[in-house]
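Secondary and tertiary structure notes
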Amino acid sequence: MAKIDLEDIAHSYDPLAREPVYALRKAQLSWRNGGRYAILGPSGCGKTTMLNIMSGIVGPSEGRILFDDVDVTKTKTAERNIAQVFQFPVIYNTMTVGENLAFPLICRNVAKDVIARKVGEVAEALGLEKLLGRRAKSLTADQKQLISLGRGLVRDDVAAILMDEPLTVIDPDLKFRLRRKLKEINEYYNSTLIYVTHDQNEAMTFAEDIVVMDQGSVVQIGNPQELFERPSTTFVGYFIGAPAMNMFEVRVTGKNKVSFGEVEFATDTDLGTIKTANVKLGIRSEFIELSAAKVKNGLQVDIERVDDFGNYQLVSAHNGGQAIKVKVKRETPVPGDKAWLKFPEKRCCVYADEVLV
Amino acid sequence: MDLVAKGLTLEIEGENHLDDISFGMRKGELYTLLGRTLAGKTTLLKTIAGLITPDSGRLLFEDCDLGGVPVWERNIAMVYQQFINYPHLNVFENVAFPLRQRKVDPAAINRRVMTALSSVGLDGFEGRKIQALSGGQQQRVALARSLAKEAGILLLDEPLVNLDYKLREQLREEFRNIFSSTVASDSILIYSSTDPLEAMQLGGEVIVLDEARVLQQGPGHEIFENPANTRVAEISNDPAMNLMNGTIGDGSIQLGADMALPLPPHFKGLTPGDYIFGLRASDVILADKGISFTVELSEISGSETYLHVAGGAHKFVGLLDMVRNFKAAETVSLSLDVKKIYAFDMAGDLVSSPFGGGR
Amino acid sequence: MHKIYLSLKYGFICVWSMFVVAPFLWALSTSFKDFQSVTSGATYIPWLQFEPTLEGWRVLWESPANGGVDIAEPYLNSIIVTCLASIISIILGTLSAYALSRFTFKAGFIRNNDITFFFISQRIMPPVVLSIPFFIMLGFLGLLDSMVGLIMVYIVLLMPIAVWIMVDFFNKVPREIDETALIDGCNPYQAFFKVVLPNSIPGMIVAGMFCLIFGWTDFFFAFILTFTEVQLLPVRIVALNSSITPWWSLSAAALISVAPLIVVAFIVERFLSKGNLSGALK
């Protein structure tokens, strides 16, 4: 269990080049002890680099890493006391499942009865208890990944468990159970869990705090609710939530009003500080109110299609060239061709130069 | 019916990879094969393509038995999960390959390739090398190649599963537009997926596969409203439908010692006895005077909360339309919307559904 | 820090280069010496330390009647035998490797991996073991001391190398590419030639290089299977030996025989570095 601090960390894979390309731009991050984090971002944003820097596989070209205020930047991976789970199963083919799970403990000379107990606990948690005697080579891909995961969990004294998209190969119903198991472990042992993913749904359901990254920079850190309701940049608004946040290019026309075409929307933000002309209004499809009848200060739209997703309907509409998506309940009747949309003040987010005001 | 399968069966080393699969498909329609991993979707697609020969059963396309027809003479196109393109050819030649193979004349090749590239959003990419493209772009090239062929059957094996979440969302939209425009009248599109939401979004008929068998075939909303059995109910919902054992007796549903629900109107006429009841996660509502459950886990996603609870012998997942962090071991009061409850008999088959299906 | 690293790097490369090039330079200077210069002590730089002569080189072209060793004919023989044997080995080896990679063979408990290993095991075996069987077989066929016989033997020796390298290579090309080619209208042969083969050219070049090297430098089988009619280069060079070891002509012969391989290496390296070998897939 340790508090991890990244001080002025930056990393370039070719630092001696004349113009180094940074995989990870200068960042300052603190991971509190026992926290449950997700690092979320698209491919190539630097999340795996950050994970590898924390585990020691990659040495940062700039900056320091501290575990409980002790500088570990130069310490080797084995000494940092980290467990890392990778995207693809990493197992020892010649050993049985039980031996695989026990391996990290055997390497640390833990007593045999303790090993047996821990292996049993972890195997039961992951549903592997019937397979302990089988050779690891003969299992399916998701069973192998469970072993990989189990090996990362069997040591309960680690500073942190770092996972790089570990549930990609797992079936959806097993994913639920595994997420729950990871949370239980996090609460029981108070070990820090850091989970890297590009799947915003996984990040939102798993983490207490999410670090959103794009192109090497940390864009926003916050809990799932904050990131969903108040994304700090248009990128976060796009990346979090399915579908992405609706974005409108608007003009500022008052202390807290913006206009889209002829329609004026009231927001709850003070827009006096905005100097740029690049102003956008963002609102989530879940929060837009749809009505068949004309509404004051509502945006008139033409309905393109309505998709039935079982639990809800997704209305795709447009106003001129602007596409808008609205989520409505299954029972709500959606008019065939035209509708009026109302944007609740509290739910409007205004962005100046892509950053939240 | 233009593509008909009758009793396709394949057994390898004692395991059924295809178990008496039969279906009918029409030209100009999109079909989604929905099933978990290893359900037999890829095997079925490869059998239609001719790469795998079934032990028994027949496959007829336009009344012509495909039994003896080798792969290269079938009128098909396929897009794989793993971005398969010819590495030694550039984008244009990749898309043109099947047309050159069929000796289409150069002017027509040029036209069809450029149209296909345009419809997948790759205008201007003709000269590029495959290795220089990103994952999403490579998959688009693979799709363009399939479209340019104008094949009778277009097979897509989970084409988006190896792409980033957001890219997947974007391409799914684009696919829908492409499918409804270019290939509308003449081809059969078969798309395999594990995600029920994706199946719903694509909008075509859904064929539910599980353990090498066809469980149900029908329009998406029909599968949603009237799942033929408990397994279909599990596969076609995300999160899976809650299933509980219980009995119907003296005018109420008994789910356990202290859990009783009033009998909904659509259960009228059901003989009392043991049943399996099904309820979707979204039909579980937070209520003041409901049944008491203990929270096991709560997960927030966007504007909804997944709540995992336990009560008596039952475990549920509820999808609540609000954002709230419940603590483990907290007690919550939930009401189960009986108007939406399903009844399956003990063999798992649908007996009564809120939308009128069942016996 | 960076400078120290750089200077160490280049320093090491210099030392290593000298280590590698030195024998060639020695052979080069020795080839221009005559008997006196060789025996009178260690001398290296021509004109400064000794008088260069072309004696060593002249001997190689003179016919035996004039006291020389005519290497023109053996040289040509070596080139023909090595090239033909290599080309046929690569063709047969590549086709076998493709079959081993794509099709499943089962005969009792023997599987694909066993067959591949069988090929590779040919190279593990000491060549001596094969000498008598080959001698007898070629004698039976009347192919002793002939080009055809020699080429046949070399194919047997070189094909395993081609199989070894190409099986690994084909295993790395996903099966789905073959399938896509089939779906696009190619029959299995066309799929192989139009799609799989163009992507395997790097592997074939590497295999070809190894075949050429092993074929060209083989002394043992050329020695026992040929006598007077057909002579290969290594055998003829050995014939230079007499009671006084002729270092000058041996050096010249050594340089001449290595020359083609160096040319091949340069050509392949050019090809490699141009990035033409990026048949890789994402």
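Sequence positions are assigned chain by chain, starting from 1 and proceeding in written order. Working convention: letters from A go to chains and numbers from 1 go to ligands, in the order in which they are written. Local features are withheld for residues below a pLDDT of 70 in this predicted model, meaning they are given only at 70 or higher, and side-chain atom pairs are given and counted only at 80 or more; totals for whole chains, interfaces and linings count all residues.

Labels follow the DSSP assignment, with helices taken as runs of H or I lasting at least four residues and strands as runs of E lasting at least two, numbered in each case from the N terminus. Looking only at helices and strands, one finds eight helices and 20 strands in chain B. Dimensions of chain B along its principal axes, counting C-alpha atoms only, are 75 × 45 × 40 Å. Any residue with 12 or fewer other C-beta atoms within 10 Å of its own C-beta is exposed, any with 20 or more is buried, and the rest are partly exposed; the C-beta atoms used are placed from the backbone. In chain B, which comprises 359 residues, the proportion classed as buried is 47%. Considering only contacts within chain B whose residues lie at least 6 apart along the sequence, 66% involve residues at least 24 apart. Our contact criterion uses C-beta atoms placed from the backbone: two residues qualify when those atoms are within 7 Å.

Turning our attention to the overall build of chain C. Within chain C, the regular secondary structure consists of 13 helices and zero strands. For chain C, buried positions account for 31% of its 282 residues. Long-range pairs, those at least 24 residues apart, make up 73% of the contacts in chain C between residues at least 6 apart in sequence.

Right, let's get into the interface of chain B and chain A. Chain B puts 29 residues into the contact, and the matching count from chain A is 27 residues. Of all the secondary-structure elements, those providing two or more residues to the side of chain B that touches chain A are α5 (165-181), α6 (196-202), α7 (220-225), β15 (284-301) and β16 (304-311) of chain B. The biggest single contributor to the side of chain B that touches chain A is β15 of chain B, with four residues. Think of it as three bins: nonpolar holds Ala, Val, Leu, Ile, Met, Phe, Trp, Tyr, Cys and Pro, charged holds Asp, Glu, Lys and Arg, and polar takes everything else, Gly as well. Partitioning the side of chain B that touches chain A into residue classes produces eleven nonpolar, twelve polar and six charged.

A word on the environment of Arg 151 of chain A. Residues and elements named next belong to chain A. Summarising the element assignment, Arg 151 is placed in helix α5 (residues 141-153). Linking Arg 151 and Val 122, residues 29 residues apart in sequence, is a C-alpha distance of 8.6 Å. In contact with Arg 151, not counting residues within four places along its chain, are Asn 100, Leu 101, Phe 103 and Pro 104.

A word on the sheet that holds strand β1 (residues 3-12) of chain B. The strands making up a sheet are joined through hydrogen bonds of the backbone, oriented either antiparallel or parallel. Residues and elements named next belong to chain B. What makes two strands pair is DSSP finding at least two bridges between them. Strand order in the open sheet formed by four strands is β2-β1-β4-β5, and the pairing between neighbours is antiparallel. Each of the sheet's edge strands pairs with one partner strand only, and the pair in question is β2 (15-25) and β5 (64-65). Pairing between strand β4 (residues 56-61) and β5: two bridges, direction antiparallel. Of the residues in β5, the one forming a bridge with Phe 61 is Cys 64. With axes taken as lines fitted to C-alpha atoms, and helix axes fitted only over the stretch in contact, angles between N-to-C directions fall between 0 and 180 degrees. Those strands touched by helix α1 (residues 41-49) are β1, β2 and β4, and its axis lies near 60° from that of β2.

To continue, consider the packing of helix α4 (residues 72-102) of chain C against helix α10 (residues 201-216) of chain C. Residue and element names in this part refer to chain C. Contact geometry of α4 with α10 gives a least axis separation of 9 Å together with a crossing angle of 140°. In terms of orientation, α4 and α10 fall into the oblique class. The crossing of α4 and α10 is right-handed. Note on element contacts: α10 touches α4 through Met 204, Ala 207, Gly 208, Cys 211, Leu 212, Gly 215 and Trp 216, opposite Ser 78, Thr 82, Ala 85, Ser 86, Ser 89, Ile 90, Gly 93 and Thr 94. For the contact of α4 with α10, a count of residues per class yields seven nonpolar, eight polar and no charged. Any angle that falls under 35 degrees is termed roughly parallel, while one over 145 is termed roughly antiparallel, one within 65 to 115 roughly perpendicular, and all others oblique. Take the far helix as the reference: if the near one is turned anticlockwise from it by less than a right angle, the crossing is left-handed, and if turned clockwise, right-handed.

All names here are of chain B. Within α1, seven of the nine residues are buried, leaving the element largely enclosed by the surrounding structure. Buried residues of α1: Lys 41, Thr 43, Leu 44, Leu 45, Thr 47, Ile 48 and Ala 49, and no others. The positive-phi residue at the C-terminal boundary of α1 is Gly 50, with phi of around 100°.

Residue and element names in this part refer to chain B. Segment limits for the domains were obtained from an automatic or database-derived domain assignment. Taken domain by domain, chain B holds domain 1 (3-235) and domain 2 (242-352). Distance from the C-alpha centre of domain 1 to the C-alpha centre of domain 2: 38 Å. Between domain 1 and domain 2, the residue contacts involve seven residues of the former and eight residues of the latter. Considered class by class, the residues forming the side of domain 1 that touches domain 2 number three nonpolar, three polar and one charged.

All names here are of chain A. Spatially, the six strands line up as an open sheet ordered β6-β7-β8-β3-β9-β10, and their pairing is mixed. One side of each edge strand has no neighbouring strand; the edge strands of this open sheet are β6 (82-85) and β10 (217-222). Strand after strand, the sheet turns through a mean of 15° between neighbouring axes, direction not considered. Examined bridge by bridge, strand β3 (residues 36-40) and strand β8 (residues 192-197) share five bridges and lie parallel to one another.

As a further point, take the packing of helix α5 (residues 112-124) of chain C against helix α7 (residues 147-172) of chain C. Residue and element names in this part refer to chain C. Running from amino to carboxyl end, α5 crosses α7 at an angle of 135°, the nearest separation of the two axes being 8 Å. The orientation of α5 with respect to α7, classified from their angle, is oblique. By crossing handedness, the relation of α5 to α7 is classed as left-handed. The segment α5 lies against α7, with Thr 116, Phe 119, Ile 120, Gln 122 and Arg 123 engaging Pro 160, Ile 161, Val 163, Trp 164 and Val 167. When grouped by side-chain class, the residues that make up the contact of α5 with α7 number seven nonpolar, two polar and one charged.

Before going further, it helps to examine the confidence of the model for chain C. Parts of the prediction with low pLDDT should not have their coordinates interpreted in detail. One number per residue, pLDDT, summarises how confident the predictor is, and it ranges from 0 to 100. Counting all residues, the mean pLDDT for chain C is 83, and 89% of those residues have values of 70 or more. Per-residue pLDDT stays below 50 along residues 275-282 of chain C; that stretch engages in 14 contacts with residues further than four places along the chain or on separate chains.

The subject of this paragraph is helix α9 (residues 188-199) of chain C. Residue and element names in this part refer to chain C. Taking 1.5 Å of rise per residue, the twelve residues of α9 would be expected to cover 16 Å, and the 16 Å separating its terminal C-alpha atoms lies within 8% of that figure. Residues of α9 that are buried: Ala 191, Phe 192, Val 195, Val 196 and Asn 199. With its buried residues spanning 130° around the axis, α9 presents them on a single face. In α9, the exposed positions that point more than 90 degrees away from the buried face belong to Tyr 189 and Phe 193. Expected span of a helix, by definition, is 1.5 Å for each gap between consecutive residues, and there is one gap fewer than residues. Throughout, the arc means that of the directions going from the helix axis to the C-beta atoms.

This paragraph deals with the nonpolar core. For the purposes of this analysis, a nonpolar core is taken to be any set of buried Ala, Val, Leu, Ile, Met, Phe, Trp, Tyr and Cys residues that are connected through C-beta atoms within 7 Å. Core analysis: the largest hydrophobic core is formed by 157 residues, its most contacted members being Leu 155 and Ile 190 of chain B together with Ala 162 of chain C. When residues of this core are assigned to their parent elements, the largest contribution, 17 residues, is made by α7 of chain C. Setting aside residues no more than four positions away along its own chain, Ile 190 of chain B makes contact with Tyr 31, Leu 33, Leu 45, Ile 153, Leu 155 and Leu 156 of chain B. Formed by 68 residues, the second largest nonpolar core is a distinct cluster that contains Tyr 37, Cys 45, Val 85 and Met 204 of chain A.

It is worth spelling out the pairing of strand β9 (residues 209-214) of chain A at this point. Residue and element names in this part refer to chain A. Burial runs high along β9: five of the six residues are buried. As judged from the four bridges shared by β3 and β9, these two strands associate in the parallel manner. Bridge pairing in β9 links Ala 38 to Ile 210.

For the bond from Ala 242 of chain A to Pro 243 of chain A, the omega torsion is 0°, close enough to zero to count as cis. Summarising the element assignment, Pro 243 of chain A is placed in the loop between α9 (234-239) and β11 (246-252). In this structure, Pro 239 of chain B follows Asp 238 of chain B across a cis peptide bond, with omega equal to 5°. With respect to the helices and strands, the residue Pro 239 of chain B is situated in the loop between α8 (230-235) and β11 (242-249).

Another aspect to go through is the pairing of strand β7 (residues 153-157) of chain B. Residues and elements named next belong to chain B. Counting buried positions over the five residues of β7 gives five, a clear majority of the element. Where burial is concerned, the two faces of β7 agree: the one with Ile 153, Leu 155 and Asp 157 and the one with Leu 154 and Leu 156 are both buried. Direction of pairing for strand β6 (residues 76-79) relative to β7: parallel, over a ladder of four bridges. Residue pairing across strands places Met 78 opposite Leu 155, the latter belonging to β7. Pairing analysis gives five bridges linking β7 to strand β8 (residues 188-193), with the strands arranged parallel. Its bridge partner lying in β8, Ile 153 is registered against Ile 188.

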